[in-house]
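Architecture at a glance
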Amino acid sequence: MAASVDPLVVGRVIGDVLDMYIPTANMSVYFGPKHITNGCEIKPSAAVNPPKVNISGNSDELYTLVMTDPDAPSPSEPNMREWVHWIVVDIPGGTNPSKGKEILPYMEPRPPVGIHRYIFVLFRQNSPMGPMVQLPPSRANFSTRMFAGHLDLGLPVATVYFNAQKEPASRRR
């Protein structure tokens, strides 16, 4: 059973980044041993490396994964919304992003001020993307909706997000 979108509504992911949709796939995201659940807090120092992402489905299905920050540079003035952190296409179902084609390398969270949302959005592809996907001209002012529309991806099939804020220098590990 796929997860509910209710936490995405409460966290304003639905609205700020995505339109309402019905989840039809499962995606689990882990930073080390920490399983990401909607709205949980992750220290940026724990997210330096790409997370482990497991995607449900069959190997004949292909998926696109997008990770963005809609709160850049600050939640009160997100004039760079969305900052894109990662794009991987052609991920076979039942596997993970390492089996797909990385379009934009993973960039760890670096929230300068305030609490930022970091959103993983999964789309089911209609066909292989391969060279059709262009590198975004900038990480700033990316639009998940426009990206999905341009590639005819439709609505997401799964989404999960976490919160992060700048760590005091003395507490980084």
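Here's what I pulled together on the structure shown here.

What counts as what
- Residues numbered from 1 in each chain as written.
- Predicted model: local features only at pLDDT ≥ 70, side-chain atom pairs only at ≥ 80, totals over all residues.
- Heavy atoms only, no water.
- Helix = DSSP H or I, 4+ residues; strand = E, 2+ residues; numbered from the N terminus.
- Rg over C-alpha atoms; globule rule 2.2 N^0.38 Å.
- Buried < 20%, exposed > 50% of the residue type's maximum accessible area, 1.4 Å probe, protein only.
- Contact = heavy atoms within 4.5 Å.
- Areas by Shrake-Rupley, 256 points an atom, 1.4 Å probe, with all protein chains shown as cover.
- Lys, Arg positive; Asp, Glu negative; His and termini not counted.
- Charge placed at Lys NZ, Arg CZ, Asp CG, Glu CD.
- Pairing = 2+ DSSP bridges.
- 1 Å grid on protein atoms, 1.4 Å probe; cavity = no way out; pocket = protein on both sides within 12 Å on 5 of 7 lines; lining within 4 Å.
- Points joined across faces, edges and corners; volume = space filled by probe spheres on them.
- Nonpolar A, V, L, I, M, F, W, Y, C, P; charged D, E, K, R; others polar.
- Phe/Tyr/Trp six-rings, centres within 6.5 Å; stacked < 30°, edge-to-face > 60°.
- Salt bridge = Lys/Arg side-chain N within 4 Å of Asp/Glu carboxyl O.

1. Some details on the overall build of the protein
Secondary structure assignment for the protein yields 3 helices and 9 strands. In the protein, the succession of helices and strands from N to C terminus is α-α-β-β-β-β-β-β-β-β-α-β. Taking 173 residues into account, the globule formula puts the C-alpha radius of gyration at 16 Å, and the protein, at 15 Å, falls close to it. In terms of principal-axis extent, the alpha carbons of the protein reach across some 45 × 35 × 30 Å. Out of the 173 residues in the protein, the part that is buried amounts to 49%. When contacts within the protein are restricted to residue pairs at least 6 apart in sequence, those whose partners lie at least 24 apart make up 73%. Approximately 8,600 Å² of the protein is accessible, and the part contributed by carbon and sulfur atoms is 55%. Here the protein carries 16 positive and 15 negative side-chain charges, and the mean point of each set is 9 Å from the other.

2. What about the sheet that holds strand β4 (residues 52-55)?
The 3 strands lie next to each other as β2-β1-β4, forming an open sheet whose pairing is antiparallel. Strand pairing shows two members of the sheet lacking a second neighbour, β2 (34-35) and β4, which therefore form its edges. As paired elements, strand β1 (residues 27-31) and β2 share 2 bridges and run antiparallel to each other. From the neighbouring strand, F31 faces β2, where its bridge partner is K34.

3. With respect to the layout of surface pockets
Of the pockets and cavities examined, the largest pocket occupies roughly 270 Å³. Contributing to the lining of the largest pocket are 15 residues, with P136, P137, F142, S143 and F147 lying nearest its centre. Residue classes in the lining of the largest pocket are distributed as 10 nonpolar, 5 polar and no charged.

4. Comments concerning the packing of aromatic side chains
Counted under the stated rule, the structure contains 6 aromatic pairs. Measuring from centroid to centroid gives 5.5 Å for W86 and Y106, while their planes differ by 80°, and the two rings are edge-to-face. Of this pair, W86 sits in strand β6 (residues 83-92) while Y106 sits in the loop between β7 (101-104) and β8 (115-124); the two residues are 20 residues apart in sequence, bridging distant segments of the chain. As far as burial versus exposure is concerned, W86 and Y106 are alike and both buried. An angle of 20° between the planes, with centres 5.3 Å apart, marks the rings of Y118 and F162 as stacked.

5. Focus: the sheet that holds β6
Hydrogen bonds along the backbone pair up the strands of a sheet, which may run parallel or antiparallel. Strand order in the open sheet formed by 6 strands is β3-β9-β8-β5-β6-β7, and the pairing between neighbours is mixed. At either margin of the open sheet sits one strand with a lone partner, and together these are β3 (40-41) and β7. Where strand β5 (residues 62-69) meets β8, 6 bridges bridge the pair, whose relative direction is antiparallel. Along β8, the bridge assignment pairs L65 with L122.

6. Describing the pattern of salt bridges
Pairs can form between side chains of opposite charge whenever their charged atoms are close. Evaluated as defined, the whole model comprises 7 salt bridges. Measuring nitrogen to oxygen at the nearest pair gives 3.6 Å for the salt bridge that ties D16 to R12. Via salt bridges that share partners, R12, D16, D71, R81 and R117 belong to a single interconnected network.

7. Some thoughts on the pairing of β6
With 9 of 10 residues buried, β6 lies mostly within the body of the structure. Examined bridge by bridge, β5 and β6 share 7 bridges and lie antiparallel to one another. Across the sheet, the residue bridging to Y63 is I91, located in β6.

8. A short note on the side chain of D69
Following the sequence through the fold, D69 ends up in strand β5. Salt bridges are absent for the buried D69, whose nearest opposite-charge side chain, R117, sits at 6.5 Å.

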